[in-house]
Amino acid sequence: MRSTLRGDFTRGLRFRLTVTYLLMFSLMLTAIGFLFRSNLSTTLDTQAHELLEEEWSAALAYLTFENQRPVWFYDHVDPDEAAIVTRLQRVYMLTDENGNVLQNSVTYANLGFDAPALIKSILANPTAVYRTVIGPQGTRYLIKSSHIVDKKHIYYLALGRPLDLSDQTLRRFTVNYFIALPGLILLTGLLGWLLAGRVIGPVNDVSQAAQRITGSSLDMRIPLRGAGDELDHLIDTFNSMMDRLKASFEQVRQFSTDVSHELRTPLTAIRGQLEVALMTASTPEQYREAMEKALEDVEGLSNIVRALLLLSQAESGQLVLQKTNLDLSATANDILEQFEFAAEEKHIRMQSHIEPKCVIFADRTQMDRLLNNLLSNAIKYTPEGGSVQLEIACHEDDIRLTVSDTGVGIQASQLPHIFDRFYRVRTPETNGQQGLGLGLSFVDWIVKAHDGRIDISSEPGKGTRFAVSFPKIDPASESPSPANVPDALPA
Ligand code: ADP
């Protein structure tokens, strides 16, 4: 897939960006060219009309009639005036009202005299008529025709001017512009290609860096470019994703190490017992005794596997919580009863301050597990003669559950780890106690899955206090949302 992408050059972002840019630019330039050309043509046209209008006025000033014969009246000695009149007479034709030619220029004769019918229709028209006529050499002429009146006599005058200069200007513009256009487009394409390269370059760097990252090089991070742009934002997001991936990998690795370690110890014990029995036992009683011990250890193993299975279900979101409006006070009272015997046996005083009717939106089984884990730990890690206290209080904003004991306590340095899986504090005081190191992992997960929080305060030799708070049920929401899938179990 990657090689196909790399091989097909035309599918590259750089190519597509350049082509899009080029197409748009070409279209824009062509449209601008046509717009300019049409503007220029209109301007030249207006200019020609204005000049012809001026020439018409000048012609009327110089043209007089004597006995119905046209006479151009000007100072023949003045070269300027002579030049003006000569210019006025370049393209012209004068007839009487019947269309009989009185005077004309050679150029007009070459264009062809106006037909008497045309002359008559123009004379009948009160306004002047403008026409464009093409000469034998292909030159265009703008011609104005109208009537002029002298002493009650009507004459027909047609005056024109060549449009060759205007046409030449327009042609030159068109040729120059459209010859330059391909060059301009080519230059733009080149510029677009370079520009796209500059934009895409860092993206390629990021992609190459991402390709170098493997399961064993999860420490690698793509350096930020410092531009503070979208790409830097992308790199930043990518790097944070790598941090999370690394933590996840680390968690999985740690979990498998812990699991294999925890399973190996009881397995080795079982194997040892069975080997010893095989070598030393001789009577059925001795065999029975060895098998009972092995069975006890197998039971321990099953407990670990069961707890792990439950944990992995929680982690993958398969453990669906059945949340209801749960009276935490009643639940706590039920659980307390179950611990009375164990406490009595250890001469531990059980105290409780349970405010009635503290209701939370929770899963009953998980709340039982949470209370069980916290209370059994408190009893387990409190020496004989100590006391354990359970408190439940309904506060204005939340419901608080506190389990405190006068037990062995936990060192401050150990506190950040006690929620980790299989983590057990190894001190002379705790070493005699049985446990998997999974209880508090469950507690932590249950609290999080119920949107609560947990705080611990502990002093070695004096005791420990676990304070859990859960959000209060909003009285407005009569029917809370259905059971939800818990979040993944944290490390
Ligand atoms: P375990 O099965 O070892 O009790 P937990 O996850 O429940 O595992 O607890 C983790 C560790 O935290 C325990 O091994 C113990 O060292 C410490 N701990 C938990 N609760 C208490 C407590 N109430 N007093 C002192 N230490 C405690």
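Residues numbered from 1 in each chain as written. Predicted model: local features only at pLDDT ≥ 70, side-chain atom pairs only at ≥ 80, totals over all residues. Heavy atoms only, no water.

What about the overall build of the protein?
Then step 1. In terms of regular secondary structure, the protein is built from eleven helices and 14 strands.
Then step 2. Relative to a compact globule of 491 residues, whose C-alpha radius of gyration would be 23 Å, the protein shows 52 Å and is clearly more extended.
Then step 3. Counting only C-alpha atoms and orienting by the principal axes, one finds that the protein spans roughly 160 × 55 × 40 Å.
Then step 4. Each of the 491 residues in the protein was classed as buried or not, and the buried ones make up 35%. (Helix = DSSP H or I, 4+ residues; strand = E, 2+ residues; numbered from the N terminus. Rg over C-alpha atoms; globule rule 2.2 N^0.38 Å. Buried < 20%, exposed > 50% of the residue type's maximum accessible area, 1.4 Å probe, protein only.)

Considerations on the pattern of salt bridges
A side chain of one charge can pair with a side chain of the opposite charge if their charged atoms are brought near each other.
Then step 1. Inspection of every chain in the model, using the stated rule, returns 16 salt bridges.
Then step 2. Among the salt bridges present, the one from Asp 150 reaches Lys 151, with a minimum N-O distance of 3.9 Å.
Then step 3. Residues Lys 246 and Asp 219 are paired through a salt bridge, measuring 2.8 Å at the closest nitrogen-oxygen approach. Highlighted residues: Lys 246 in helix 7 (residues 230-280) and Asp 219 in the loop between helix 6 (164-212) and helix 7, separated in sequence by 27 residues.
Then step 4. Judged by its relative accessible area of 32%, Lys 246 falls in the partly exposed class.
Then step 5. What emerges from the salt-bridge pattern is a single network uniting Glu 55, Arg 87, Arg 90 and Arg 161. (Salt bridge = Lys/Arg side-chain N within 4 Å of Asp/Glu carboxyl O.)

Considering the pairing of strand 4 (residues 101-104)
Then step 1. As paired elements, strand 3 (residues 91-96) and strand 4 share three bridges and run antiparallel to each other. The residue of strand 4 that forms the bridge with Leu 94 is Gln 103.
Then step 2. The hairpin turn running from strand 3 into strand 4, its antiparallel successor, is four residues long, and Gly 99 in that turn takes a positive phi close to 95 degrees. (Pairing = 2+ DSSP bridges.)

Concerning the sheet that holds strand 6 (residues 140-150)
Then step 1. Ordered in space as 4-3-7-6-5, the five strands form an open sheet in which the pairing is antiparallel. Of all the strands in the sheet, just strand 4 and strand 5 (129-134) have a single pairing partner and so form its edges. In this sheet, neighbouring strand axes are inclined to one another by 20 degrees on average, regardless of whether the strands run parallel or antiparallel.
Then step 2. Here helix 5 (residues 116-124) sits on the sheet in contact with strand 3, strand 5, strand 6 and strand 7 (153-162), set at roughly 105 degrees to strand 7. (Axes fitted to C-alpha atoms, helices over the stretch in contact; angles between N-to-C directions. Contact = heavy atoms within 4.5 Å.)

Quick notes on the site of the ligand
Then step 1. By nearness alone, 20 residues border the ligand, and Asn 377, Tyr 381, Asp 405, Arg 424 and Leu 440 come closest of all.
Then step 2. Between the ligand and the protein, one listed contact pairs an oxygen atom with a side-chain N or O atom of Asn 377 at 2.8 Å.
Then step 3. A distance of 3.0 Å separates an oxygen atom of the ligand from a polar atom in the backbone of Gly 437.
Then step 4. Coverage of the ligand by the protein chains reaches 97% of its 530 Å² of free accessible surface.
Then step 5. Elements with a minimum of two residues in the shell around the ligand: helix 10 (364-380), helix 11 (439-449) and strand 14 (463-471). (Near = heavy atom within 4 Å. Polar contact = N/O pair within 3.5 Å; in protein donor to acceptor, adjacent residues only side chain to side chain. Areas by Shrake-Rupley, 256 points an atom, 1.4 Å probe, with all protein chains shown as cover.)

Side note on the sheet that holds strand 9 (residues 349-354)
Then step 1. With mixed pairing, the five strands of this open sheet are ordered in space as 9-11-12-14-13. At either end of the open sheet lies a strand with only one pairing partner, and these are strand 9 and strand 13 (453-459). With direction set aside, neighbouring strand axes in the sheet form an average angle of 10 degrees.
Then step 2. Bridge count for strand 11 (residues 387-394) against strand 12 (residues 398-405) is seven bridges, and the pairing is antiparallel. Note that in strand 12 the partner of Ile 392 across the bridge is Leu 401.
Then step 3. Sitting on the sheet, helix 10 is in contact with strand 9, strand 11, strand 12 and strand 14, with an inclination near 25 degrees to strand 12.
Then step 4. Strand contacts of helix 11: strand 13 and strand 14, with the helix running at about 140 degrees to strand 13, the strand carrying the most contacts.

Some remarks on the nonpolar core
As a rule of thumb, nonpolar side chains are buried together in soluble globular proteins.
Then step 1. In this structure, Leu 374, Leu 390 and Leu 401 are the most contacted members of the largest nonpolar core, which totals 51 residues.
Then step 2. Elements that contribute at least two residues to this core include exactly helix 8 (284-315), helix 9 (328-345), strand 10 (359-363), helix 10, strand 11, strand 12, helix 11 and strand 14.
Then step 3. In this view, Leu 401 contacts Leu 328, Leu 370, Leu 371, Leu 374, Leu 390, Glu 391, Ile 392, Phe 466, Ala 467 and Val 468; residues no more than four positions away in its chain are not counted. (Core = buried A, V, L, I, M, F, W, Y, C linked by side-chain atoms within 4.5 Å.)

A short note on the packing of helix 9 against helix 10
Then step 1. Here helix 9 crosses helix 10 at 35 degrees, and the two axes come no closer than 10 Å. In the crossing of helix 9 with helix 10, the sense of the turn from one axis to the other is right-handed. Contacts from Leu 328, Thr 331, Ala 332, Asp 334, Ile 335, Leu 336, Gln 338, Phe 339 and Ala 343 of helix 9 reach helix 10 at Arg 364, Met 367, Asp 368, Leu 371, Asn 372, Leu 375, Ser 376 and Ile 379.
Then step 2. Taken together, the residues of the contact of helix 9 with helix 10 sort by class into ten nonpolar, four polar and three charged. (Left-handed = near helix turned anticlockwise from the far one by under 90°. Nonpolar A, V, L, I, M, F, W, Y, C, P; charged D, E, K, R; others polar.)

Points about the confidence of the model for the protein
Then step 1. Looking at the protein as a whole, its pLDDT mean stands at 87, while 93% of the residues score no less than 70.
Then step 2. For the protein, per-element mean pLDDT is lowest for helix 1 (residues 2-7), which scores 47, and highest for strand 14, which scores 97.
Then step 3. Scored below 50 in pLDDT, residues 1-5 makes two contacts in the model with residues more than four places away or belonging to other chains.
Then step 4. Low pLDDT, under 50, characterises residues 478-491; the predicted model gives this stretch 37 contacts beyond four residues in sequence or across chains. (pLDDT = per-residue confidence, 0-100.)

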